[in-house]
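Results of the structural survey
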Amino acid sequence: MQSLGKAKQSTALSLMREIVFGVGLPLLLPIFMGLNGILYFMLVADVLTAIASAIVIVRINRGLNQMMSAPEAEKERAEVTAGKEARTQFIITIGRSYGAGGRSIGKMVARQLHIPYYDSELLEKAAERSGLSRKFLQSIDEKPIDSSMLYRSVGFGTNAYRSIAHQAQMAQREIIEKIAAEGPCVIVGRSADQVLAGTHRLFRVFISSAEENRIARIAERDHLSAEDAGRKLSKVDRERAAYYNQRSRTRWGDAAGYDLCIDTDWFGIDGAAALIVKTVEGK
């Protein structure tokens, strides 16, 4: 759990073994087993903790696999650009509030302009370049390096962790620069506008939407209750803002840092994509 940046889960499992089972079982087992309950409580605690850990590991692993399964991204990108001349020379970077539709808009823009689209597949390229696990890169994707007391308590405030996280960030930065040098494209998130600032023909976009509409979209897409969708939205937005603000002089979502800010409540997904296409084609 620690190696994937899951400090809360790691701490909870450790406390479960040492406190919940370590204290509870010596009090409970002697009622049913007499003195043998004292003799065997640590074995039982270890077995129960192993079962709990396995359940948590399987759930986290399944979640990471789902996030990593950008379906046939390379094939889709090839189909978009094959035999077609790019309709722009701009590299379009898209920042977005969670649930505002930034990914869908980015794909539409890339398809209409006949240019490549890059999103989570950047992690795979960064993993190849850095030698780090793609699952580790996924676990820290668009998240700040956390130096809070919680993370220090499970080993994340160490220089070694920051060094590995920095190595991952540098690998992703190099991949973004390499992709941009190859020609026009759409890059979603990953502070690409800051990575490429001043070195390429950039068109920087930020996509937003009212919170209640984003919650409704997330709840429908991920099959969540409105309450769970709201918590997820707050968490992801907070992480994206902190990640971006660690690397930028401007603030995440601040209009001064972008060339075009679009509210999808006004324009819709299709309208937002059409607006971006029309703007860059007119430059």
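Residues numbered from 1 in each chain as written. Predicted model: local features only at pLDDT ≥ 70, side-chain atom pairs only at ≥ 80, totals over all residues. Heavy atoms only, no water.

With respect to the overall build of the protein
- Counting secondary structure elements, the protein contains 12 helices and 5 strands.
- In the protein, which comprises 283 residues, the proportion classed as buried is 42%.
- Residue pairs at least 24 apart in sequence account for 73% of intrachain contacts in the protein once pairs closer than 6 positions are excluded.
- For the protein, the exposed area adds up to about 15100 Å²; of that, 56% sits on carbon and sulfur atoms. (Helix = DSSP H or I, 4+ residues; strand = E, 2+ residues; numbered from the N terminus. Buried < 20%, exposed > 50% of the residue type's maximum accessible area, 1.4 Å probe, protein only. Contact = heavy atoms within 4.5 Å. Areas by Shrake-Rupley, 256 points an atom, 1.4 Å probe, with all protein chains shown as cover.)

Here's the deal with a nonpolar patch on the surface
- Residues Leu28, Ile31, Phe32, Met33, Leu39, Tyr40, Leu43, Val47, Leu48, Ile51 and Ile55 make up a contiguous nonpolar surface patch of about 1100 Å² in total accessible area.
- For the nonpolar patch, the elements supplying multiple residues, two or more each, are helix 1 (7–33) and helix 2 (36–68).
- Relative to the helices and strands, isoleucine 31 resides in helix 1.
- Classification of isoleucine 31 by relative accessible area gives exposed; the value is 63%. (Patch = residues over 30% accessible without salt bridge, like charges linked within 9 Å, V, L, I, M, F, W, Y side chains within 5 Å. Salt bridge = Lys/Arg side-chain N within 4 Å of Asp/Glu carboxyl O.)

What to know about helix 1
- Along helix 1, the sharpest kink reaches roughly 40°, centred on leucine 25 and followed within four residues by the proline proline 26.
- For helix 1, the set of buried residues is Ala7, Ser10, Thr11, Leu13, Phe21, Leu25, Pro26 and Leu29.
- Backbone geometry just downstream of helix 1 places glycine 34 in the positive-phi region, at approximately 65°. (Bend = angle between axes of the 7 residues up to and from the residue.)

Brief notes about the side chain of aspartate 237
- Along the chain, aspartate 237 falls in helix 11 (residues 226–245).
- Separated by 2.8 Å, the side chain of aspartate 237 and the backbone nitrogen of tyrosine 98 make a polar contact.
- Ignoring anything within four residues of it in the chain, the contact list for aspartate 237 reads Ser97, Tyr98, Arg214 and Trp252. (Polar contact = N/O pair within 3.5 Å; in protein donor to acceptor, adjacent residues only side chain to side chain.)

Some words on helix 5 (residues 121–130)
- Glu121, Leu122, Leu123, Ala126, Ala127 and Ser130 are the residues of helix 5 that are buried.
- Immediately beyond the C-terminal end of helix 5, within one or two residues, lies glycine 131, with a positive phi of roughly 80°.

Topic: the sheet that holds strand 3 (residues 185–188)
- Ordered by their spatial adjacency, 5 strands build an open sheet running 2-3-1-4-5, and the pairing between neighbours is parallel. Looking along the sheet, the strands with just one partner apiece sit at the ends: strand 2 (117–118) and strand 5 (260–263).
- Across 6 bridges, the pairing between strand 1 (residues 91–96) and strand 4 (residues 202–208) is parallel. Residue isoleucine 94 lies in a different strand from strand 4, and its bridge partner there is valine 205.
- Each of strand 1, strand 2, strand 3 and strand 4 touches helix 4 (residues 102–113); the most contacted strand, strand 1, lies at about 165° to it. (Pairing = 2+ DSSP bridges. Axes fitted to C-alpha atoms, helices over the stretch in contact; angles between N-to-C directions.)

Regarding the packing of aromatic side chains
- Inspection of every chain in the model, using the stated rule, returns 4 aromatic pairs.
- Measuring from ring centre to ring centre gives 6.4 Å for phenylalanine 90 and phenylalanine 203, while their planes differ by 65°; the resulting arrangement is edge-to-face. Remark: phenylalanine 203 occurs in strand 4 and phenylalanine 90 occurs in the loop between helix 3 (73–81) and strand 1; sequence separation between them is 113 residues. Comparing phenylalanine 90 with phenylalanine 203, the two get one shared label, buried.
- By way of ring pairs, the aromatic residues Phe206, Tyr244, Trp252 and Tyr258 are connected into one cluster.
- One cation-aromatic arrangement involves arginine 201 over phenylalanine 90; the distance from NZ or CZ to the ring centre is 4.5 Å. (Phe/Tyr/Trp six-rings, centres within 6.5 Å; stacked < 30°, edge-to-face > 60°. Lys NZ or Arg CZ within 6 Å of the ring centre and 35° of its normal.)

A short note on the packing of helix 4 against helix 12 (residues 264–281)
- With their axes 10 Å apart at the nearest point, helix 4 and helix 12 run at an angle of 35° to one another. The hand of the helix 4/helix 12 crossing is right-handed. Seen from helix 4, the contacting residues are Ser104, Ile105, Met108, Val109, Gln112 and Leu113; seen from helix 12, they are Thr264, Ile269, Asp270, Ala272, Ala273, Ile276, Val277, Val280 and Glu281.
- Classifying every residue of the contact of helix 4 with helix 12 gives 10 nonpolar, 3 polar and 2 charged. (Left-handed = near helix turned anticlockwise from the far one by under 90°. Nonpolar A, V, L, I, M, F, W, Y, C, P; charged D, E, K, R; others polar.)

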